[in-house]
Amino acid sequence: MSLGPHLLLALMEGTVAAFVLALTALGLTLVFGVMRIVNVAHGEFFMLGAVFAWAFAHLVGNPALGFLVAVIASPIVVGGAALVIDRAILRRFNYQPEATIVATIGLLYIIQQLVLIFYGPDARSVEAPINFRVQLPWFGYSGYKLVVAGIAALLLLATWYGIAKTKLGLVMRATQFDSETAQAFGIPVDRVYAAVFALGAMLAAIAGVLIVPIKQAYYLMGLDPLLLSFIVVIIGGLGSLRGAIIAAFVIGISDGVISVFFSPNLSKILATLLVALVLIFRPEGLFGGKAR
Amino acid sequence: MDRHRSLAFHGGALALLFLLQFVLPPYHHTNFTSIMVLATYGIGYNILIGYTGLLSLGHAMFFAAGLYAAGLTVHYFNIDPISAFILGAAAALAFATAVGLVALRTTGVSFMIVTMMFAQACFLLILYFNQVTRGDEGLVLSGAARQIGGLSLTNPTFRYNLALALFTGALVLCYILIRSRVGRVLVAIRENEERVKMLGYHTFRYKLLALALSGLLSGAAGASYALMFGYVGATFASIEYSIFALLWVLLGGAGTVLGPIIGALLMFYLVEWTSEVTQSYRIVVGAALVLLTLFFPKGILGTLREKRLRWLP
Amino acid sequence: MTRSKTPKSNNQKSLISRRAALKGLGAVAGGSAALGLAPGFVRYIQVSAAEPLKIGFQAHRTGIGAAYGRWYERTTNAAVKLINDAGGIAGRPIQLITEDDGTDPKRGSEVVEKFASQHKVDITFGTLFSHVVMGSAPRAGELKMPYYVVSEGHHVASGALNRYTFQPGITDVKAQVSSMAPWIAGNLGKKITMIFPDYAFGYDHRDYFSAAIEKQGGQVLKLLPIPATETSYTKYFPQIPSDTEVLYHVMVGPGVLTFVKEMGEFYGSNRPQIFGFIDSLEAVDIASPGLEFLDGTYFWEAYPRYAQANQSEADKFYRAAVGVDNNGASLEDSKDVATYSHMFGCWETLYIIKEAVEASGYQSATAADKKKLVEATEAMKGWKEGNEHPQGDKTFVGQIHQCFGHQFISKVAGGKLEVVHKTEIADGTYEPETDYTKMAL
């Protein structure tokens, strides 16, 4: 294939990946921004979203209807699990950053093993709600992937609206800015934290649901989105929502394009090192303002 | 007085490890050998997280640096194990210093993420140079190449005592370090870096020293592992092996000299016993981590020190 | 101070007891060697005792190998039950001891150690993933523990392992791919692009298939290694040269279905010939949504997953015993598809162990008996198709500890696989690269 169509395909793939990545990373950065904690089990929420999507789709039977149920029910279940984790574990040591990292590593193992026990070691597929193939002059492309990009875009807009325009969003931003003052003004910081943690998990879970007709649900699928989300959140500036979304597109698309020119492992190594260097020389990230 | 108590305590622990080899049944004999090597890695990790307060999630790269430097030279150039060991430790030392020069510009969560990224890049590099490393499948070092002065490293008694010597070396180094002035500066950095800076200390240099020593011990453990057990593979560079070190140190007690081996021992046998009743060892590892943070944030020796043994280093 | 005394006295006691134990062990070994002169007598004692023969099964219950591991366990359990129902091995029932290795090489070697020293097994067997084999085999060699793997890697035959490690139940990748090359060059085309996983398993394909196809006058136009961590594949397909006649693919792991699906989306109906290794779809239903485009493509199979029109009696027997239906899925759940082209190796290896134990007069886990067992295994020449070897005839080369069998090429038709070609054993055999029998025991 000549370079033009090849780049076009890489761009399309990169864009779809970027939308899904943006959703996942948004959840991670939201939690970091408001609560100042790193959730290492974030990828497991993504995985749980996919696994529950399989379960719901399996229960319903009809692909389109099953998918619809999954898109709504799966994030709710995962959000509920996140609430339990927040109450039972994170709050008890008052969101101490290092303890949170250790505890969420523990959760990562527990969640993986539970899924292995109750769901099994197989990668299981969910039928896409809409199954069509877009034929371009040079190659074919999955129609469902375009749908994923569309839904993700809508969800990103909705999240932005929720944070920028609603009262809940205001409360969240106030807590992020200065949790002590927020508390003094009567904001129930505890409940805001719980809500943010659940919301972060739900964003990851939705991304998991959207991806499962493309990639199958598998109990070890959480590590990859976790690492990528870390990269995005760092480049975007820890805790910056706008930065995370921009960075998701930079990473998603450049990953596609770099792989046109370099061998895949090499391009992953280059990307990883680049990110580490960004963090070293611009600790506040490329796009984020000065982190508080 | 405290000093004597503490010396007796650690000396006693080493003596116990020496004597154990005569009573341990073969299976546990080998387990203790490998646990002492891994605990050396744990001590290296502890110097960084326990005494300097830097949380790294990429220490597997230093372990792997030692593992591969020693393993590849033995496999391809047939050098003797002692030189290979020195080479492995030196390679890890150099590598840790280089990583430190860039990564230590960050702190806190960023440091954790940067070390994790570097380690991931190393893991991928091992796969990338698969023509040399054989990637995930790895290489087997032949028994013939693993001889020191006519004694084979496959000999259990010889191997146990070598592992004990390695562990003793690491323990003594760690002990001397934290009793020294440098060690006290490291602890001060852990408690409040800004204040140490204000007192006129160049904290970057101290942190770099801690990371270099930490890398040295991790690499020495990696090199020993390759030479003693004859296998070199990419798994040892994966993120799991970074998490293991964290787990051992926290379980035993971060910032205690004997914590890492207690953590490594307990964790090994916890997984071992539970694997007999259930196949879910991941749940055990996970639950241990969660329960630790909830109820014993200072680990076993750390809690003991708080409650009774105030003199414990 | 009182404390330090206790271990010391313990130590002295144990030194003595250990020495005594060693002496005892030596006596037993010497004794059994002497008794070896009168095998009939020994066998008589053994039968009356009927102590179980302990086989340690190193299983991938967790980790990336879990999907394969589950079927390895089912097959192994079925074969053990059959052997025990028929009177066991040399009159002794098999006691199977299964331990999870987490598909991890370090844990793998610990499991071998545990089998040897804790469970005191006679034989260890069943490892699949090649990095676990590589991690475990050195320890098995040091412990002088007969270690029968079912991995299909070229590691055993390459000479990288040791005298105690065997692969008698499954053909290695080098032989598999070499035997495919003539048929591909003759029927599909000579300009090949290879897609393979960027780790050891893939390198065997890369190195040995490239060499084999060049021997047929073919040519590999491009190599496309895919990293282990990859989950999305579409971006690789444009790198396939447009003059490719045959696309050769082999993938393993949870991404396999995604890989095949995205390949279909990319090509649609306008595709080159596609030849894959069934590894790309082991444990996956060929009739999964999105795989329709595979119709008319070809797969290597070690053992046809779908029962063929000329199905042998042995295959019927084997399917029923393991619990697999005619579509290669579990009898209990038609969505639960077997790893049919690999798991038969466990079954056949157990029967080979049976034969070797009985031929060697193996009695107990002593060095002398294990030596006899190793030599008896090396002396074997091959096996005939039958209930014990349902996959087909095999030859065994003792020098390299590796067996060679027939391979199959199947065409996808109507969501099933139909065998179109069966290779000869000679198509895959190669000159031995090593001689384990010259190594010290």
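Draft legend 1. Region of interest: the overall build of chain A. Scanning chain A from N- to C-terminus turns up 11 helices and two strands. Reading chain A from its N end, one meets helices and strands in the order α-α-α-α-β-β-α-α-α-α-α-α-α. Its C-alpha atoms give chain A a radius of gyration of 19 Å, within 12% of the compact-globule value 19 Å for 292 residues. In terms of overall dimensions, chain A has a C-alpha envelope of 60 × 50 × 35 Å along the principal axes. Going through the 292 residues of chain A one by one, you find that 57% of them count as buried. Counting 17 positive and 12 negative side-chain charges, chain A places the averaged centre of each group 7 Å from the other.

Draft legend 2. Spatial organisation of helix α1 (residues 2-23) of chain B. Look at α1(B): 31 Å from first C-alpha to last across 22 residues, which is about the 32 Å you get at 1.5 Å a residue. Those residues of α1(B) not exposed but buried are S6(B), H10(B), L14(B), L17(B), L19(B) and Q21(B).

Draft legend 3. Expanded view of the interface of chain A and chain B. Opposite the 38 residues of chain A that make contact, chain B presents 38 residues. Of the roughly 3,500 Å² buried at the junction of chain A and chain B (both faces included), carbon and sulfur atoms supply 83%. At the surface where chain A touches chain B, the tally comes to one residue pair in polar contact (both at pLDDT 80 or more). Mapped by element, the contributors of at least two residues to the side of chain A that touches chain B are α4 (97-118), α9 (223-236) and α11 (264-281) of chain A. Considering each element in turn, the side of chain A that touches chain B owes the most residues, 14 residues, to α4(A). Broken down by class, the residue content of the side of chain A that touches chain B amounts to 29 nonpolar, six polar and three charged.

Draft legend 4. Geometry of the packing of aromatic side chains. Taken as a whole, this structure holds 46 aromatic pairs over all chains when the rule is applied. Plain terms: the ring middles of F404(C) and Y430(C) are 5.3 Å apart, the flat faces sit at 90° to each other, and that makes the pair edge-to-face. Of the two residues, F404(C) is situated in strand β13 (residues 402-405) and Y430(C) in the segment after β15 (416-422); the sequence distance between them amounts to 26 residues. An identical accessibility class is assigned to F404(C) and Y430(C); each is buried. Over the ring of Y119(A) we find R124(A); its NZ or CZ atom is 4.8 Å from the centre of that ring.

Draft legend 5. Just α9(A), in detail. The end-to-end C-alpha separation of α9(A) is 20 Å, in line with the 20 Å expected for 14 residues at 1.5 Å each. By the criterion of burial, α9(A) is predominantly enclosed, with 11 of the 14 residues buried. Taken as a whole, α9(A) has its buried residues at P225(A), L226(A), L227(A), S229(A), F230(A), I231(A), V232(A), V233(A), I234(A), I235(A) and G236(A). As for α9(A), its buried residues are in contact with α1 (3-35), α2 (42-60), α10 (241-261) and α11 of chain A together with α5 (108-128) of chain B. Of the residues flanking the end of α9(A), it is G237(A), one or two places downstream, whose phi is positive at about 100°.

Calculation rules
Residues numbered from 1 in each chain as written. Chains lettered and ligands numbered in written order. Predicted model: local features only at pLDDT ≥ 70, side-chain atom pairs only at ≥ 80, totals over all residues. Heavy atoms only, no water. Helix = DSSP H or I, 4+ residues; strand = E, 2+ residues; numbered from the N terminus. Rg over C-alpha atoms; globule rule 2.2 N^0.38 Å. Buried < 20%, exposed > 50% of the residue type's maximum accessible area, 1.4 Å probe, protein only. Lys, Arg positive; Asp, Glu negative; His and termini not counted. Charge placed at Lys NZ, Arg CZ, Asp CG, Glu CD. Expected span 1.5 Å × (residues − 1). Contact = heavy atoms within 4.5 Å. Buried area = accessible area lost by both parts, 1.4 Å probe. Polar contact = N/O pair within 3.5 Å; in protein donor to acceptor, adjacent residues only side chain to side chain. Nonpolar A, V, L, I, M, F, W, Y, C, P; charged D, E, K, R; others polar. Phe/Tyr/Trp six-rings, centres within 6.5 Å; stacked < 30°, edge-to-face > 60°. Lys NZ or Arg CZ within 6 Å of the ring centre and 35° of its normal.

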